[in-house]
Amino acid sequence: MILVTGGAGYIGSHAAVELLNAGYEIVVVDNYSNSENGSIHQIKKLTGKDFPFYQVDLLDYDSLDRVFKQHEIKAVMHFAGLKAVGESIEKPLEYYRNNLTSTIQLCEIMKKHKVKKLVFSSSATVYGTPQKVPIDESFPLSATNPYGRSKLMIEEILNDLYHSDCSWRITILRYFNPIGAHESGEIGENPIGTPNNLVPYITQVAIGKRDQLQVYGNDYETVDGTGVRDYIHVVDLAKGHLKALIYLFENKGIETFNLGTGQGYSVLEIIDKFTAVTAKEIPYQIAARRAGDIGICYANPEKAKILLGWHAEKSLEEMCIDAWRWQTKNPEGFQSSVYSKQQFSFGKGDKKGRNYETKSL
């Protein structure tokens, strides 16, 4: 059984679908700080498979420990964490406490239960402001914001953990900018409050929830002055996690991989592509640069192709189409689902963790 932390969230939910479709049994934990439980129902609906879920904060040691006691966990995919660059600058202590402490506690509990296979969700922000592109895994590491520094610190912790005990098997996945949604339109990015990422902001403008898009900076040294990023379809990203898990079961050691397309697009190019495939004009306003942002960032994904047998398959057009399908099918995200009115809790189940009770709020 594979434990998926943050499995109700954007990337975690797509990874859960890929795991279930590949025949794995999973258990999911999430505290709903960046997600809603409607996604759990949708994962089950998409796959036709059931799995235990716990509303657990990784900072709650005892509750997380009980999950390990109730299930025969073989490996962990760790997505849980705070993730907004701008917010991290405003609330650095919250980000360091949450992201670092939760990961340390997770590793302590894994060690206690002799579970030593971990796929960690890192970020391209650990490269800071790269001197050139494309970026490969050997580049110097730094960070321009507390979110990125928290990811970089966790990477260092995991390297120290492995070197202290080489029976651990760890893959660190530095991924770039996930966008899009499952092609069914049943799960997708569902930001709580104002979106921090470009594409969900675009789709909310397109559907009329917001008046216009803020484009932060048009004075970068790029093709049109706006920031350039490597946008990767979230399903491709999820499949990369599955490949990383397979790699863990077949190989010892600790390895780091970029998950990206190797192609950079500017903010205005993304707007133009979205307009072309949806026929929706996106009004926008140029605003000042955001603190912590950099001008250009895209991956060299060759290492993942060689060692994991993975490469991104979906086009930018597919990313925009799938993001728009999700938005139009779910204009209020999961909030309109009856399942968002339920709270899942530790219940009475057998030793395999099945038959969990639910209770209404």
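Notes on the structure in this doc start here. These numbers were taken from a predicted model, which means no experiment stands behind them. (Residues numbered from 1 in each chain as written. Predicted model: local features only at pLDDT ≥ 70, side-chain atom pairs only at ≥ 80, totals over all residues. Heavy atoms only, no water.)

1. Focus: the sheet that holds strand 3 (residues 53–55)
Here is the rule: Pairing between strands requires that DSSP locate at least two bridges from one strand to the other. Helix and strand definitions follow DSSP, with helices as H or I runs of at least four residues and strands as E runs of at least two, each counted in order from the N terminus. All axes are obtained by fitting lines to C-alpha atoms, using only the stretch in contact for helices, and the reported angles, taken between N-to-C directions, cover 0 to 180 degrees.
Reading across the sheet, the seven strands line up as 3-2-1-4-5-6-11 and stay open at both edges, with parallel pairing between neighbours. Since the sheet does not close on itself, it has two edges, and those belong to strand 3 and strand 11 (253–259), each with one partner. Pairs of neighbouring strands in the sheet enclose a mean axial angle of 15 degrees, with direction left out of account. Two elements, strand 6 (residues 169–175) and strand 11, share seven bridges in a ladder whose sense is parallel. By the bridge assignment for strand 11, Ile172 is matched with Thr256.

2. Considering the sheet that holds strand 12 (residues 265–266)
Sheet strands associate in pairs through backbone hydrogen bonding, adopting either a parallel or an antiparallel arrangement. Spatial ordering of the open sheet is given by 12-9-14, a layout of three strands whose pairing is mixed. The outermost strands of the open sheet, each flanked by one partner alone, are strand 12 and strand 14 (296–297). Here strand 9 (residues 228–229) runs beside strand 14; their pairing, made up of two bridges, is parallel. Residue Val228 lies in a different strand from strand 14, and its bridge partner there is Ile296.

3. Concerning the environment of Arg169
Put simply, the test is: Burial classes follow relative accessibility: with a 1.4 Å probe on protein chains only, a residue under 20% of its type's maximum area counts as buried, one over 50% as exposed, and anything between as partly exposed. By the convention used here, residues are in contact when the closest approach between their heavy atoms is within 4.5 Å. Two N or O atoms form a polar contact when they lie within 3.5 Å of each other; inside protein one atom must be a possible hydrogen donor and the other a possible acceptor, and for residues adjacent in sequence the pair counts only when both atoms belong to side chains.
Relative to the assigned elements, Arg169 resides in strand 6. For Arg169, a relative accessible area of 18% corresponds to the buried category. Placed 76 residues apart in sequence, Arg169 and Leu245 show a C-alpha to C-alpha distance of 9.8 Å. Not counting residues within four places of it along the chain, the set of residues in contact with Arg169 comprises Lys116, Lys117, Leu118, Leu248, Phe249, Glu250, Asn251, Lys252 and Gly253. A distance of 3.4 Å separates a polar side-chain atom of Arg169 from the backbone oxygen of Phe249.

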